[in-house]
Amino acid sequence: MSVQTSDRTDRDKTEAAPADFAARLLGWYDRSARVLPWRVPPGSDAVPDPYRVWLAEVMLQQTTVAAVAGYFERFTTRWPTVADLAAAADADVMAAWAGLGYYARARNLLACARAVVAEHGGQFPDSEADLRALPGIGDYTAASVAAIAFGRRAVVIDANIERVITRHRLIETPLPAAKRAIRTALEPLVPADRPGDFAQALMDLGAGICTPRGPACAICPLMADCRARGRADIERLPVKPAKKAKPQRHGIAWWIEDKGRIWLVRRPGKGMLGGMRALPGGEWSAIPPAESGVAEVDHGFTHFDLRLTLMPGEAALAAGEGEWWPLSALDEAGLPTLYRKLVDQMREKDG
C-alpha cells in the first residue's frame, strides 16, 4: 500500500528519525500519561502484571475506557489471579461480564485463563507467538501483552494508534486495506527500550489529542512532522469504508411473573449472548411479531439490528430448563444489556 501525499507542504515535511519520534512521544507520555487501574505508570519501579494487562486488553476491545474501569476493578477484586479466574464458574463470570457486550469475549476469557493454568503453570507466555496460541488472543492482544507486560518489541495497533499513524504519515488508503501501510509505517518507529510505554503513549495520544473530532494539533508532541497537520480535512483520516446497511431482525421475549419472581432461562452456550441468563423467547428472524407487546427495545449487534418485543406470559409458560428469580434481586441476575433494557421499561411502567 502506498503512503500518499497531496500537496507541496505535505511533501516538504521531513520525517523524524525513529529515535526522535519515540523520544518526543515518550517524553510527552512521561508528563501526561493517563492514570488507569491496570496500568503501571511511567517511571514506576513496579512490574506490570500480565494477568491484569491481558484482562484489561480483552475488556477494552470495542469498549470505552470509562465503561471498562468499574468492571476491571470488580473482576480483579473477585478473581485477583489468573488461577482464580480459571477456577470460577462459567455462570459467575458471564454474570459479572453482563453489560460489557460481545459475550464471546467472556467465554474466550475463561478458556484462555484455563489454558494458561493447565498448559503454562499459571504463567502467561512472554512471546507474541505463544500468546497468539492461547484461546481468544489475536494479533492485537498478543502484541499488546508482549509489549506492555513483558517489554517485548512488538507492533501494537488499536483504533487510536491507527488514527495517529494514518494522520502522521497521511495514509489515504481506506481501511481495512490501509492496515498494511499503517504497520509498515509504525514498525521502524517502535523502540527496543520501553515498547510497552511507547504503545500506551500512542493510545493516550489518540484518546486525548489526536481525537476523531477536533484534534488538538497545537499541543501534539508529533506535530512538527505530521503530514496531516493544518489540513482542513484531517478529521476524515483514517478513511473509513462506506457503511453497509445491517439487516433487521425481530424477536419476542416473555415476561412471566409469579409471586414476586420472574422466570429466567439460560441461552445456549454458543451463539449470540451464549450462556447468559435471559428472558425466555423464541428465535430471532426477519419477520416482526403479529401483536404489539408491553415493551419494545432496539439493540444493535455487529452484523444485524434487533427489535425485541416483550409479551406478558402466564406462569404456566414457565416450562423446561429455567429458574424463578426474585424480582427484588433482578439486578444480580447478570442479564445482558438487551434484556436489562426491557426490565427497565417494565420498572418504569410499574412506577
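The structure we're discussing is the one just above.
Residues numbered from 1 in each chain as written. Predicted model: local features only at pLDDT ≥ 70, side-chain atom pairs only at ≥ 80, totals over all residues. Heavy atoms only, no water.

A.B. asks: Which parts of the structure should I look at to understand the overall build of the protein chain?
C.D. replies: Within the protein chain, the regular secondary structure consists of 13 helices and six strands. Structurally, the protein chain occupies a C-alpha span of about 75 × 50 × 35 Å along its principal axes. Counting contacts in the protein chain only where the partners sit at least 6 residues apart, residues at least 24 apart contribute 69% of the total. When the accessible surface of the protein chain is totalled, it reaches about 17,300 Å², and 52% of it is carbon and sulfur. Once the 44 positive and 43 negative side-chain charges of the protein chain are each reduced to a mean point, those two points are 5 Å apart. (Helix = DSSP H or I, 4+ residues; strand = E, 2+ residues; numbered from the N terminus. Contact = heavy atoms within 4.5 Å. Areas by Shrake-Rupley, 256 points an atom, 1.4 Å probe, with all protein chains shown as cover. Lys, Arg positive; Asp, Glu negative; His and termini not counted. Charge placed at Lys NZ, Arg CZ, Asp CG, Glu CD.)

A.B. asks: Honestly, the pattern of salt bridges in this entry has me stumped. Any pointers?
C.D. replies: A side chain of one charge can pair with a side chain of the opposite charge if their charged atoms are brought near each other. This structure, assessed with the given rule, holds 24 salt bridges. The closest approach of N and O atoms between aspartate 233 and arginine 231, which form a salt bridge, is 3.0 Å. A residue is classified by how much of its surface remains accessible, and aspartate 233, at 26% relative accessible area, is partly exposed. One salt bridge in this structure joins aspartate 233 and arginine 236, with 2.7 Å as the shortest N-O distance. (Salt bridge = Lys/Arg side-chain N within 4 Å of Asp/Glu carboxyl O. Buried < 20%, exposed > 50% of the residue type's maximum accessible area, 1.4 Å probe, protein only.)

A.B. asks: Could you clarify how one ought to interpret the packing of helix H3 (residues 50-60) against helix H9 (residues 139-150) in this entry?
C.D. replies: Any two packed helices are characterised by the angle at which their axes cross and by the distance between the axes. With their axes 9 Å apart at the nearest point, H3 and H9 run at an angle of 145° to one another. Between H3 and H9 lies a crossing of right-handed hand. Taken together, the residues of H9 that come into contact with H3 (itself represented by Pro50, Val53, Trp54 and Glu57) are Tyr140, Thr141, Ser144, Val145, Ile148, Ala149 and Phe150. Looking at the contact of H3 with H9 residue by residue, the class counts come to eight nonpolar, two polar and one charged. (Axes fitted to C-alpha atoms, helices over the stretch in contact; angles between N-to-C directions. Left-handed = near helix turned anticlockwise from the far one by under 90°. Nonpolar A, V, L, I, M, F, W, Y, C, P; charged D, E, K, R; others polar.)

A.B. asks: Mind showing me how you'd approach the side chain of threonine 63 here?
C.D. replies: Summarising the element assignment, threonine 63 is placed in the loop between H3 and helix H4 (65-78). Owing to a relative accessible area of 19%, threonine 63 belongs among the buried residues under this scheme. In terms of polar contacts, threonine 63 uses its side chain to reach the side chain of arginine 105, at 3.4 Å. Not counting residues within four places of it along the chain, the set of residues in contact with threonine 63 comprises Val68, Leu100 and Arg105. (Polar contact = N/O pair within 3.5 Å; in protein donor to acceptor, adjacent residues only side chain to side chain.)

Bear in mind that shape data such as this cannot, by itself, settle questions of function.
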